[in-house]
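Structural overview
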Amino acid sequence: MKYLRSALTGKCCLAGVGLSLLIPLGTLAADADYTLVIRDHRFQPAELTVPAEKKIKLTIENRDVTPEEFESHALNREKVIAGKSTATIFIGPLEPGRYPFVGEFNEKTALGVIVAQ
Amino acid sequence: MFGTAIIVFREVLEAAILIGIVAAATRSIPGRNRWLFAGLLAGLSGAGLVAAFTDVIGSLSSGIGQELFNAMVLGVAVLMLAWHNIWMSSHGAELSANAREAGNAIRDGRRECSILLVVVGLAVLREGAETVLFLYGIAASDGAAASTMLLGGATGVILGVGVGYAIYAGLLRVPLRWFFSATGLLVLLLAAGMASQTARFLIQADLLPSLAAPLWDTSAALPENSIPGMLLHSLIGYDARPAGMQIVFYATVLISIAVSMKLANRKNSQQQGIA
């Protein structure tokens, strides 16, 4: 409804309607893919928004030379990622909410949260 | 330093608890210490190897190599612990009655010891590899802080081993009458907990459906990163937010080992009745 109303108010919002129709179609076909990058013992982005009630394929790219362990009690996941390498983790389907995670080997700086909505 | 100690403690704890329980459970088997030590050494060298080849293992099977590896190590450990418990149900009585005269039991005891070696080796391998990687990361990143951090690591190892030893010493104080039931029950719960972890890795790799995730959430009442949560996780496989599939694995392993133990025990007492 929100998109419909705004679409009526201006041309530029027509593109928005198109996108809002396309995105669900695109993501229904396969698992949704998301990427986190580790650099200088920090996650980028530190907050990642993903769709709720959907299985997510999370790719984590460690650009540091040191290994890191992705750990989340909220998501019930843990995985070691060697230095200069990439790992894949499947999460979800998630209830809407906030799911914090850490890089266990650098807990002070490597903090992040996955927001399912 | 304190943070390092906690992390290393967490990694070491699981292996230390397993070794404590298994060492107590096999106390009447001759030559047990040698096998235990061999298992520990094999595990440590394996941990170094796994740590060095983390990137290779991780990239196998299009990125789910690590999950497969962990699930396999855990799966083998579950089988070994099951075998140990079933064997103990049929020979435990002989061993405790008179270890020297129970010829058959001792011959089987050697096979039992090789099981012990594998179980201890695998536990040290899995938990040790993560500790090695963590300490390597510290040593590689900041030179000045490295020595205090490594001191923290050593503290963590000592604390973890301390808990394992406390469990071992505590179990040895259990009166012989209940000793085999007590260690049998602990090994049974260890195996079930490992089965649940196996399922978790297979779900993480998208090889198994989670069924319901999470089936329940007790993280507010008993968080998994609290000390009691950590102990219960290592002892009975406590998980604050388990997937339904983990519970299926847990229950299946728990029930099938328990039933096999009952059957082995009954068969053994029948045979003794005839003789």
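Here's what I pulled together on the structure shown here. (Residues numbered from 1 in each chain as written. Chains lettered and ligands numbered in written order. Predicted model: local features only at pLDDT ≥ 70, side-chain atom pairs only at ≥ 80, totals over all residues.)

In this model, A:Gln44 is joined to A:Pro45 through a cis peptide bond whose omega is -5°. Looking at where A:Pro45 falls in the secondary structure, it is placed in the loop between β2 (42–44) and β3 (47–50). Look at B:Ser61: it is not a glycine, yet its phi comes out positive at around 45°. Among the secondary structure elements, B:Ser61 is positioned in the loop between α3 (54–59) and α4 (65–97). When the 14 C-beta atoms within 10 Å are taken as the criterion, B:Ser61 is described as partly exposed. Here B:Ser62, not a glycine, exhibits a phi torsion of approximately 45°, which is positive. With respect to the secondary-structure elements, B:Ser62 resides in the loop between α3 and α4. (Helix = DSSP H or I, 4+ residues; strand = E, 2+ residues; numbered from the N terminus. Buried ≥ 20, exposed ≤ 12 C-beta atoms within 10 Å, placed from the backbone.)

Here the focus is the sheet that holds strand β5 (residues 68–72) of chain A. The strands making up a sheet associate through hydrogen bonds between their backbones, and the pairing can be parallel or antiparallel. All names here are of chain A. Strand order in the open sheet made by the five strands is β3-β9-β8-β5-β6, with mixed pairing throughout. Each end of this open sheet is capped by a strand with a single partner; those strands are β3 and β6 (77–81). Each neighbouring strand pair of the sheet contributes to a mean axis angle of 20°, computed without reference to strand direction. Pairing geometry for β3 and strand β9 (residues 111–116), over four bridges, is parallel. (Pairing = 2+ DSSP bridges. Axes fitted to C-alpha atoms, helices over the stretch in contact; angles between N-to-C directions.)

A general trend in soluble globular proteins is that nonpolar side chains are found buried together. Core analysis: the biggest nonpolar cluster contains 94 residues, and B:Ile21, B:Ala77 and B:Ala191 have the highest contact counts within it. Per-element tally for this core: the top contributor is helix α1 (residues 2–25) of chain B, with 16 residues. (Core = buried A, V, L, I, M, F, W, Y, C linked by C-beta atoms within 7 Å.)

Here we come to the interface of chain B and chain A. In this complex, chain B contributes 27 residues to the contact, which on the side of chain A involves 18 residues. When contributions to the side of chain B that touches chain A are tallied by element, the ones reaching two or more residues are α1, α3, α5 (103–141) and α7 (176–204) of chain B. With seven residues, α5(B) is the single largest residue contributor to the side of chain B that touches chain A. For the side of chain B that touches chain A, a count of residues per class yields 10 nonpolar, 11 polar and six charged. (Contact = placed C-beta atoms within 7 Å. Nonpolar A, V, L, I, M, F, W, Y, C, P; charged D, E, K, R; others polar.)

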